[in-house]
Amino acid sequence: MHIKITIRLFFVLLSLPCFTYSQNTFEKIYLETYQILLASNPKKALSNTDYLYKISKNNSDRIKTRMLRAQILYQYGIYTEAITVLKQADSLSILDNDFVAQAKACVFLASLYG
């Protein structure tokens, strides 16, 4: 009897917003980073991309964070690291068979090499 109550309580707690990852949280931080911090606070923007990558639940979100990080690095002249990050995005897009993301990563890479 106590085990059933404990298991139910456990699942109820897991369903609370503070215990679960929310796609809305990811999108909110991503948009803030892209729209505001990209130009105003690059250190915070880079920190946010690391955090976003950690909370990503799928490769699509991981690719978005890698592309955003590469854009920030590129904007501030850190080309070698931008290339490394873009290669990560490219690898993730290959794993997911996401040809659009792969094309974006490759075009961005080509612009860095060209």
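That block above? That's the structure.
Residues numbered from 1 in each chain as written. Predicted model: local features only at pLDDT ≥ 70, side-chain atom pairs only at ≥ 80, totals over all residues. Heavy atoms only, no water.

What should I look at first to understand helix α4 (residues 59-75) in this one?
Note on helix geometry: an α-helix contains 3.6 residues per turn, so any two residues three or four positions apart are oriented the same way. Between the first and last C-alpha of α4 there are 24 Å, a value that for 17 residues agrees with the 24 Å anticipated at 1.5 Å per step. Among all positions in α4, only Asn59, Asp61, Ile63, Thr65, Arg66, Met67, Leu68, Arg69, Ala70, Ile72 and Leu73 are buried. On the buried face of α4, the contacting elements are α2 (23-40), α3 (42-55), α5 (79-95) and α6 (99-113). The backbone nitrogen of serine 60 has a side-chain oxygen 3.2 Å away, supplied by the residue at the start of α4, namely asparagine 58. Residue glycine 77 follows α4 closely and has a positive phi angle near 75 degrees. (Helix = DSSP H or I, 4+ residues; strand = E, 2+ residues; numbered from the N terminus. Expected span 1.5 Å × (residues − 1). Buried < 20%, exposed > 50% of the residue type's maximum accessible area, 1.4 Å probe, protein only. Contact = heavy atoms within 4.5 Å. Polar contact = N/O pair within 3.5 Å; in protein donor to acceptor, adjacent residues only side chain to side chain.)

I keep staring at the pattern of salt bridges and nothing clicks. Help me out?
Two side chains carrying opposite charge are able to pair once their charged atoms lie near each other. As enumerated under the stated definition, the model contains 3 salt bridges in all. Residue glutamate 27 pairs with lysine 64 through a salt bridge whose shortest N-O separation is 3.2 Å. One end of the pair, glutamate 27, is in helix α2; the other, lysine 64, is in helix α4, with 37 residues separating them in the sequence. In this structure, arginine 69 engages glutamate 81 in a salt bridge whose closest nitrogen and oxygen atoms are separated by 3.3 Å. Here arginine 69, found in helix α4, pairs with glutamate 81, found in helix α5; they are 12 residues apart in sequence, far enough to count as distant. The exposure class assigned to arginine 69 is buried, which follows from its relative accessible area of 10%. (Salt bridge = Lys/Arg side-chain N within 4 Å of Asp/Glu carboxyl O.)

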